[in-house]
Amino acid sequence: MQFGIFSVSDVTQDPTTGQTVSEAERIKAMVAIALKAEEVGLDVFASGEHHNPPFVASSPTTMLGYIAARTSKLILSTSTTLITTNDPVKIAEDYAMLQHLADGRVDLMMGRGNTGPVYPWFGQDIRNGIQLAVENYALLRRLWREDVVDWEGNFRTPLQGFTATPRPLDGVPPFVWHGSIRSPEIAEQAAYYGDGFFHNNIFWPASHTAQMIDLYRRRFEHYGHGAADQAIVGLGGQVFMRKNSQDAVREFRPYFDNAPVYGHGPSLEDFTRETPLTVGSPQEVIDRTLTFREQFGDYQRQLFLMDHAGLPLKTVLEQLDLLGEEVVPVLRKEFAALKPAHVPDAPTHESLKTAAERAHSLETLAEPANNSEHHQGFGAARSGLRREGAQRPTDEGRPGEKAPKPAATKSTPKTQPVAEEVER
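Conventions adopted
- Sequence order as written defines residue numbering, which begins from 1 separately in each chain.
- Reporting in this predicted model follows two pLDDT cut-offs: at least 70 for local features of residues, and 80 or more for side-chain atom pairs to be given and counted; totals over whole chains, interfaces and linings ignore these cut-offs and use all residues.
- No hydrogens and no water enter the side-chain calculation; it runs on all heavy atoms of the structure.
- The predictor attaches a confidence to each residue, and that confidence, scored 0 to 100, is pLDDT.
- By definition in these notes, contact holds between two residues if any of their heavy atoms fall within 4.5 Å.
- For this document, the term salt bridge refers to a Lys or Arg side-chain nitrogen within 4 Å of an Asp or Glu carboxyl oxygen.
- Labels follow the DSSP assignment, with helices taken as runs of H or I lasting at least four residues and strands as runs of E lasting at least two, numbered in each case from the N terminus.
- Throughout, exposure labels follow a simple rule: accessible area from a 1.4 Å probe, protein chains only, divided by the maximum for the residue type, with under 20% read as buried, over 50% as exposed, and the rest as partly exposed.
- By convention, a stacked pair of Phe, Tyr or Trp rings (six-membered ring in the case of Trp) has centres within 6.5 Å and planes under 30 degrees apart, an edge-to-face pair has planes over 60 apart, and any other such pair is tilted.
- Here an angle of 0 to 180 degrees is reported between the N-to-C directions of two axes, which are lines fitted to C-alpha atoms, with helices fitted over the stretch in contact.
- If an angle is under 35 degrees, it is roughly parallel; if it is over 145, roughly antiparallel; if it lies from 65 to 115, roughly perpendicular; otherwise it is oblique.
- Each residue gets one label: Ala, Val, Leu, Ile, Met, Phe, Trp, Tyr, Cys and Pro are nonpolar, Asp, Glu, Lys and Arg are charged, and the others, such as Gly, are polar.
- The definition of a nonpolar core used throughout is a set of buried Ala, Val, Leu, Ile, Met, Phe, Trp, Tyr and Cys residues joined through side-chain atoms within 4.5 Å.
- Crossing handedness is read from the near helix: turned anticlockwise from the far helix by less than a right angle, it gives a left-handed crossing, and turned clockwise, a right-handed one.
- Residue count minus one, scaled by 1.5 Å, sets the expected span of a helix.

## Looking at the confidence of the model for the protein chain
- Of all residues in the protein chain, 86% attain a pLDDT of 70 or more, and the chain-wide mean is 86.
- Contacts from residues 370-416, a stretch scored under 50 in pLDDT, to residues over four places away or in other chains number 91 contacts.
- Overall, residues 418-424 carries pLDDT values under 50, and its contacts beyond four positions in sequence, including any with other chains, amount to 46 contacts.

Structure follows, in structure tokens:
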């Protein structure tokens, strides 16, 4: 089980002091938080991607590359990489470069984001959001898995004999999570490719999150990647801790009440009751997080949101001390004891590399018997479970409603998943 933190990079006024840090201070604070995460024994640091105030994380690879040079174990990820408004060629090259710099300690989460105006800022139309997400991700996979790509689609100029550089480290593309809050089509997309599915899990009630994860698990099995309980699931969560739960509530309340994300709405008590937000003692965080397994099944990655709403850096670092010293060690032990042997761990560069080498060896041994058989794509090599001729995704994720088909292109074959809405 991987544990870590994700940052949305907001620059928010501290409601208790009236002070707002500068963009430079917030950026450096994110670096300090990432370094602290490794120091206290966490596994993952993930940065969001935004291109509008009050957020500063407009260039995740720049941030993560800098952090990579100052860490040695931390997995560097995103939360989210915008698959709709970024050029897939640039994504392929940027994250392959980051892979090399970080010695493979890289994965990323694809999503549409939560800011509609970002589309025209990058020359796109939000009405094409679904087709962009489907087409761009299909191209990205090819760029990482094929040395020379010929391609033509609807939303960018064609590619002829193109090679993205650098090539993925060890020939192994970064593992991809698909992030979604409410779109069943994205659970379908993740399942189709055998990728990971990450549910933000910070706003919605458990019943909604369970539906999304259950859909992903069923479709993961449908497409032949393994049993439903072997699907790769990640969850978000929000916590604020003090040794005494009453102190935690009293200190966090003004931040909650004024936060741009959820302030001036439901009360703190209502929000903690209806969503995964946990404000209290370390033991209460442990108890609440363990219920996630009961609600959603065994899962592979738990990320916490801790540096938001104007909380001072000093306070966030104190939170990380509590998380690393008192919470995560217990969670690791409890989750490990409960996880069945057949449920996989979260993929890492080394585990994917080993799987690819093993699959290549098996293919080499099989070649004399059947020279015509060739498994395309690292996804098949990684799992060894991709079935040829898998059925096209259906509209199962939205009963009674057919998902519209995107315009057919060379990069969107009939077997490709159809997404009605792609968003983080």
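Okay, back to it.
## Focus: the pattern of salt bridges
- Under the criterion given, the structure shown has 25 salt bridges.
- A salt bridge links aspartate 214 to arginine 218; the nearest nitrogen and oxygen atoms lie 3.0 Å apart. With aspartate 214 and arginine 218 both in helix 7 (residues 206-222) and four residues apart, this pair spans about one turn of that helix.
- Residue aspartate 214 is classed as partly exposed on the basis of its relative accessible area of 41%.
- Among the charged side chains, a network of salt bridges with common partners joins Arg242, Glu251, Lys314 and Glu318.

## Thoughts on the packing of aromatic side chains
- Taken as a whole and judged by the stated rule, the model has 12 aromatic pairs.
- Here phenylalanine 3 and phenylalanine 335 contribute two aromatic rings whose centre-to-centre distance is 6.2 Å and whose plane-to-plane angle is 45 degrees, an arrangement assigned as tilted. A residue pair is termed long-range when its members are at least 10 positions apart, and phenylalanine 3 in strand 1 (residues 2-7) and phenylalanine 335 in helix 11 (residues 313-338) qualify at 332 residues. Phenylalanine 335 shares its class with phenylalanine 3; the two are buried.
- Seen in terms of ring centroids, phenylalanine 175 and tryptophan 177 are 5.4 Å apart; in terms of plane orientation they differ by 90 degrees. Their pairing is edge-to-face.
- One aromatic cluster is present, formed by Tyr137, Tyr192, Tyr193 and Tyr223 through successive ring pairs.

## Things to note about unusual backbone geometry
- Between proline 53 and the following residue, proline 54, the backbone shows a cis peptide bond with an omega angle of 10 degrees.
- Checked against the element boundaries, proline 54 lands in the loop between strand 2 (44-47) and helix 2 (60-69).
- Cis geometry is found at the peptide bond from threonine 165 to proline 166, where omega equals -5 degrees.
- If you trace the backbone, proline 166 turns up in the loop between strand 7 (159-162) and strand 8 (175-180).
- At alanine 309, a position not held by glycine, the phi torsion is positive, near 65 degrees.
- Inspection of the secondary structure assignment puts alanine 309 in the loop between strand 13 (301-304) and helix 11.

## Section: the packing of helix 2 against helix 3 (residues 88-101)
- Following both chains from N to C, one finds helix 2 and helix 3 inclined at 5 degrees, their axes separated by 10 Å at the closest point. Overall, the two elements helix 2 and helix 3 adopt an arrangement that is roughly parallel. Contacts between helix 2 and helix 3 involve Pro60, Thr61, Leu64 and Gly65 from the first element and Asp94, Tyr95 and Leu98 from the second.
- The class makeup of the residues in the contact of helix 2 with helix 3 is four nonpolar, two polar and one charged.

## What about the nonpolar core?
- Within the largest apolar cluster, 103 residues are counted, with the highest numbers of intra-cluster contacts made by Ile5, Phe45, Ile67, Tyr216, Phe252 and Leu323.
- When residues in this core are grouped by element, the largest group, eight residues, is from helix 11.
- With residues up to four places along the chain from it excluded, the contact list for leucine 323 reads Ile5, Leu42, Met241, Phe304, Met306, Val328 and Pro329.

## Thoughts on the packing of helix 10 (residues 282-296) against helix 11
- The contact between helix 10 and helix 11 brings their axes to 10 Å, and the two run at 30 degrees. Put simply, helix 10 runs roughly parallel to helix 11. Handedness of the crossing formed by helix 10 with helix 11: right-handed. Between helix 10 and helix 11, the contacting residues are Pro282, Val285, Ile286, Thr289, Leu290 and Arg293 on the first element and Leu322, Glu326, Val327, Val330, Leu331, Glu334, Phe335 and Leu338 on the second.

## Section: helix 1 (residues 23-39)
- In this model helix 1 runs 24 Å from its N-terminal to its C-terminal C-alpha over 17 residues, within 8% of the 24 Å that 1.5 Å per residue would give.
- Of all the residues in helix 1, the buried ones are Arg26, Ala29, Met30, Val31, Ile33, Ala34, Lys36, Ala37 and Glu38.
- Taken together, the buried residues of helix 1 touch strand 1, strand 2, helix 2 and helix 11.
- Immediately downstream of helix 1, the backbone of glycine 41 shows phi near 95 degrees, a positive value.

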